[in-house]
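A closer look at the structure
The lines below spell out each chain.
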Amino acid sequence: MRPHPQPLFLHLVQDRHYEERGEYGENMSNLLLAPRTEPTLKFGYLGVPYDASTSIANPGARFGPRALREQFQLLLAKRVVDGLVVDMDRGERVDLNAVQVADFGDVDISFYDHEKAIHQVTAAVRQVIDSGFIPLVVGGDHGVTYPSFHALHETTRGNLGLVQLDAHCDMLDFSEKQGAISGSSGMARSLELGRLKGKNMVQVGLRGYATPQQWGVGVKYGVRRILAPAFAEMGARAAAQKTLKWASAGTAKIYLTVDVDALNPGEAPGTGWPEPGGLTVQELLDFVRYLAPYVDALDIAELNPPYDNAPKQTTVMCARLLFDFITTKARAQKSPPQTTVKRRKK
Ligand SMILES: [Mn+2]
């Protein structure tokens, strides 16, 4: 096996799970899923244990990367045997022999300097992308999306699509309490990067109440929105089809960010700013499965383990979401979906 690149900016989490199992041999402690042949699909798990930009909500998302890593490891250890797993939603066997999931550890991040933290996250995600891995970025509060999306923006020629599953706009321009960089401003900052056009940005699951300022930024840029009640009416599949059409029109790559609070908090209590109403877990999974073959980078934000319940329902859901993303992409690589999507050359 070739040695896995050691990130410069990060400290790698040494996990006793691997050491105890010992099944990957020496120097393989940073693989969550080891390929059994030359990998054709490579994912990089990168934790961003950061909730300093949560600012006005409930902190605790800094514990997300570690909790999800553990839950994801358990899922893989229990269900993948000899590189194979059965996807019972489809009644199909999924071959993971050529799939690698590397653990890039957690970003060694500044908690006192937002600007510095932003640069650290962008550099770390770039390292994942430059090493040839599809980033699986795990927050942290929703402040992780802007620097992570920035890394995809830097490494892509042409326009990008951004799909945001969220109860909230995250389009705060500036406030005395939160400044210009916070968990509430990531989408506004992403639109300012230049090659994310409003018509390629899709916000899905918005509901409740927003300030006129935050709502207005989306209107100003011509951002597409599928509000939660409309989503419920059209269903996950139609919503995903519409989203893909918008996000892929004239773009080279698509970034998907999943804020856990897009979900109804009754089904996903482990989040910092629960908003009444929202998507069901099944709707979210169906939506992500439809989109996954076209997505080039994924983040999960606002998983807040201290607020999760005893059997860790929300963390388990996130592990499922991650694995769905991986198995769907693995299946799509073997038999690409029939949907016609207009994409620019990368
Ligand atoms: Mn949110």
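Residues numbered from 1 in each chain as written. Predicted model: local features only at pLDDT ≥ 70, side-chain atom pairs only at ≥ 80, totals over all residues.

Of the regular secondary structure elements, the protein holds nine helices and 12 strands. Put simply, of all contacts in the protein between residues at least 6 apart along the chain, 77% involve residues at least 24 apart. (Helix = DSSP H or I, 4+ residues; strand = E, 2+ residues; numbered from the N terminus. Contact = placed C-beta atoms within 7 Å.)

The subject of this paragraph is the environment of Trp246. Residue position: Trp246 is located in helix H7 (residues 228-248). Residue class for Trp246 comes out partly exposed when judged on the 18 C-beta atoms lying within 10 Å of it. (Buried ≥ 20, exposed ≤ 12 C-beta atoms within 10 Å, placed from the backbone.)

The interhelical angle for the contact between helix H3 (residues 114-130) and helix H4 (residues 145-154), taken along N-to-C directions, is 45°, at an axis separation of 8 Å. When the axis of H3 is compared with that of H4, the two are oblique. Crossing hand, H3 versus H4: right-handed. Residue-level inspection shows Ile118, Val121, Thr122, Val125, Arg126 and Ile129 of H3 in contact with H4, the latter providing Tyr146, Pro147, Ser148, His150, Ala151, Leu152 and Glu154. (Axes fitted to C-alpha atoms, helices over the stretch in contact; angles between N-to-C directions. Parallel < 35°, antiparallel > 145°, perpendicular 65-115°, else oblique. Left-handed = near helix turned anticlockwise from the far one by under 90°.)

The next subject is the pairing of strand E6 (residues 99-107). Working note: regular strand, side chains alternate between the two faces of the sheet. Of all the nine residues making up E6, nine are buried; the element is thus mostly covered by neighbouring parts of the structure. Pairing analysis gives six bridges linking strand E3 (residues 41-48) to E6, with the strands arranged parallel. When the sheet's bridge partners are listed, Leu41 is paired in E6 with Val99. (Pairing = 2+ DSSP bridges.)

When two helices pack together, their arrangement is given by the angle between their axes and by how far apart the axes lie. At a minimum axis distance of 9 Å, the contact between helix H2 (residues 64-79) and helix H9 (residues 313-334) shows a crossing angle of 65°. At the point where H2 passes H9, the crossing takes the right-handed sense. Two secondary-structure elements touch here, H2 through Ala67, Leu68, Gln71, Phe72 and Leu75 and H9 through Thr315, Val316, Cys318, Ala319, Leu322 and Phe323. For the contact of H2 with H9, the per-class residue count stands at nine nonpolar, two polar and no charged. (Nonpolar A, V, L, I, M, F, W, Y, C, P; charged D, E, K, R; others polar.)

With that settled, consider the nonpolar core. Membership of the largest hydrophobic core comes to 92 residues, with the highest contact counts inside it found for Tyr45, Leu46, Val48, Val121, Leu291 and Leu322. It is H9 that contributes the most residues to this core, nine residues altogether. (Core = buried A, V, L, I, M, F, W, Y, C linked by C-beta atoms within 7 Å.)

Quick look at the environment of Asp82 now. Secondary-structure assignment places Asp82 in the loop between H2 and strand E4 (84-87). On the basis of neighbour count, Asp82 is assigned to the exposed category, with 8 C-beta atoms found within 10 Å. As a C-alpha pair, Asp82 and Leu96 span 14 residues in sequence and 8.8 Å in three-dimensional space.

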